[in-house]
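# Coordinate inspection notes
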Amino acid sequence: MAHHVTADIDLGNLTQNVETLIKKVNGPALMAVVKANAYGHGLVPSALAAKRGGAEWLATALLDEAIELRNNKVPGRLLVWLNTIDDQFSECIDKDIDLGVNSLESLTAIAQAAKNLGKRARVHLKVDTGLGRNGVTLSDLPNLISALKQEQNNGNINVVGVMSHFAYADEPTNSTIGEQISNFKISVDALVDANFELEVKHLSNSAATLGLPDTYFNLVRPGAVIYGISPGPEVGPAADFDLRPVMRLRAPIILIKDVPAGTGVSYAHQYHTKSETRLALIPAGYADGIPRAASNKGPVQINGKNFTVSGRVCMDQFVVDIGDLSANVGDDAVLFGDPANNEPSVNDWADAAGTINYEIVTRIGPRVHRNYLNG
Ligand SMILES: Cc1ncc(COP(=O)(O)O)c(C=O)c1O
């Protein structure tokens, strides 16, 4: 069956990226972050590819994602951290899914679910060491520690980990990094002093995994880099770290037509042809995750030649002025792929849309067919 838009997902590259990162950190284990449908790459196949590369741990943001992994028989240690307080906790505990604790309320709900089930929940305390987002502040830490102690003594939980997240890891010289590391060490010490036996301490996202060895502790927790995308310009291109892009996005031309100079193209005629030319219609739009903000800017490669989107990106389609290019209906337009093969990159699309590469890949929508390669 022909697909309108296809994301080729090179699972071999994903596995290799994980192997490369494990070699780089040289000692600590790796937790592959597969939240948000594995950053748009497909949850279960990506998780399995990461495991083949040696990821001992997997992590998701949402309970549903973690449950989906278990329902698909994905084994091994698995953490979920952005927990709503609801009745899925029992299912998670039953399925050996570790849970992040970010407040007294979440601890109480997890402990209650564990008690009802008659099985201890494995929990990781999430500390806000300076991001100013999720997690327990340092001033609330003593309260949390006594509550954790009580629930552990009651047989409802085991505290197995402590975690935190950086505000500025993609700016490796930023002064908050040192402060966050030192706050993290204070939190680890407080838990150890309270006699918790921590299996894992984890702080390093992608940028920290690539550039900040002081943050490794005994587990690193990268997302973006396992998919071969760079966490930011200051860290450098992913290729500099031998990481390869996993996703390549393409769609076939479904119509080519000759038009005269001065033809207005797509909604509101934001593009006019400069001379007699040919227009190619590509069946990919913002409903597929192609950013409308990249209208008139997004790069597209057809038969080895680079163009940009002509006019507005619509819900399901956009147009490219291909001039005198020799092309046929059915030829692929490559939106992004491997820049090492001279294809446009995810970063090019992020620049065109005024956003970051993370947003481009995670928004590739459910209508887009994932074509798994090298699995
Ligand atoms: C708590 C936490 N840890 C790790 C990650 C992975 O970050 P990155 O994709 O930059 O490696 C994220 C992603 O947003 C996160 O929220």
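The structure under discussion appears in the preceding block.
Residues numbered from 1 in each chain as written. Predicted model: local features only at pLDDT ≥ 70, side-chain atom pairs only at ≥ 80, totals over all residues. Heavy atoms only, no water.

## Considerations on the sheet that holds strand 19 (residues 369-373)
Operational definition: DSSP-based pairing: two strands are paired if at least 2 bridges between them are found. Runs of E in the DSSP output that reach at least two residues are strands. Runs of H or I that reach at least four are helices, and both are numbered from the N terminus. A fitted line through C-alpha atoms serves as each axis, taken over the contacting stretch for helices, and the angle formed by two N-to-C directions is quoted from 0 to 180°. The contact definition used throughout considers only heavy atoms, calling two residues in contact when any of these lie within 4.5 Å.
With respect to topology, 6 strands assemble into an open sheet ordered 16-15-18-10-1-19, the strand pairing being mixed. The open sheet has two free edges, formed respectively by strand 16 (305-308) and strand 19, since each of these has just one partner strand. The sheet shows a mean angle of 30° between the axes of neighbouring strands, direction not considered. Alignment of strand 1 (residues 6-10) against strand 10 (residues 247-252), held across 4 bridges, turns out to be antiparallel. Opposite I9, over in strand 10, you have M247 as the bridge partner. Seen against the sheet, helix 1 (residues 11-25) touches strand 1 and strand 19 and runs at an angle of roughly 40° to strand 1.

## Brief notes about the layout of surface pockets
Selection criterion: With a 1 Å grid laid over protein atoms only, a set of points is called a cavity when a 1.4 Å probe fits there but cannot get out and a pocket when it is open yet has protein on both sides within 12 Å along at least five of seven lines; lining residues have an atom within 4 Å of a point. Grid points are joined across faces, edges and corners, and a volume is the space filled by probe spheres set on the points. Nonpolar residues are Ala, Val, Leu, Ile, Met, Phe, Trp, Tyr, Cys and Pro. Charged residues are Asp, Glu, Lys and Arg, and all others, Gly as well, are polar. An automatic or database domain assignment supplies the start and end points of every domain.
Quantified by volume, the largest pocket comes out at close to 840 Å³. What lines the largest pocket is a set of 38 residues, and nearest its centre among them are N205, A224, P231, I356 and Y358. Of the residues belonging to the lining of the largest pocket, the class tally is 20 nonpolar, 12 polar and 6 charged. Looking at which domains feed residues into the lining of the largest pocket, each of domain 1 (11-228) and domain 2 (247-373) gives three or more. Considered as a void within the structure, the second largest pocket measures approximately 320 Å³ in volume. Counting residues per element, the ones that place at least two in the lining of the second largest pocket are helix 1 and helix 10 (346-353). Split into classes, the residues belonging to the lining of the second largest pocket amount to 9 nonpolar, 8 polar and 3 charged. Residue contributions to the lining of the second largest pocket reach at least three from each of two domains, namely domain 1 (11-228) and domain 2 (247-373).

## Some words on the site of the ligand
Spelled out, the test is: The near set for a molecule or strand comprises every residue that places at least one heavy atom within 4 Å of it. Under this definition, polar contacts are N or O atom pairs within 3.5 Å; protein pairs additionally need one hydrogen-donor-capable and one acceptor-capable atom, and for neighbouring residues in sequence, both atoms have to be side-chain atoms. Here the Shrake-Rupley method, with its probe set to 1.4 Å, supplies the accessible areas, and only the displayed protein chains count as covering residues. Any molecule with more than half of its atoms within 2 Å of a cavity's or pocket's grid points is counted as sitting in it.
Neighbouring residues of the ligand: 13 residues in total, closest K35, Y39, S206, G223 and Y358. S206 places a polar side-chain atom, nitrogen or oxygen, 2.5 Å from an oxygen atom of the ligand. Compared with its free state, where it exposes 400 Å², the ligand has 91% of that area covered by protein. Among the cavities detected, the one that contains the ligand is the largest pocket. Considered class by class, the residues forming the shell around the ligand number 5 nonpolar, 4 polar and 4 charged.

## Some remarks on the side chain of H124
This is how the line gets drawn: Note on exposure labels: buried denotes an accessible area under 20% of the residue type's maximum, exposed denotes more than 50%, and partly exposed covers the range between, all computed with a 1.4 Å probe on protein chains only.
Structurally, H124 is set in strand 6 (residues 121-126). Of the residues examined, H124 reaches a relative accessible area of 0% and is grouped as buried. Among residues more than four places away in sequence, those in contact with H124 are W57, L79, D98, L99, G100, V101, V160, G161, M163, V200 and H202.

## Looking at the sheet that holds strand 17 (residues 318-321)
Through backbone hydrogen bonds, the strands of a sheet pair up, either in parallel or in antiparallel fashion. With antiparallel pairing, 3 strands are arranged side by side in an open sheet as 11-14-17. Both outer strands of the open sheet, strand 11 (255-259) and strand 17, are each paired with one neighbouring strand and no more. Ignoring strand direction, the axes of neighbouring strands in this sheet form an average angle of 30°. Inspection of the sheet shows strand 14 (residues 277-282) paired to strand 17 by 4 bridges, in the antiparallel sense. Within the sheet, the bridge partner assigned to L279 lies in strand 17 and is D321.

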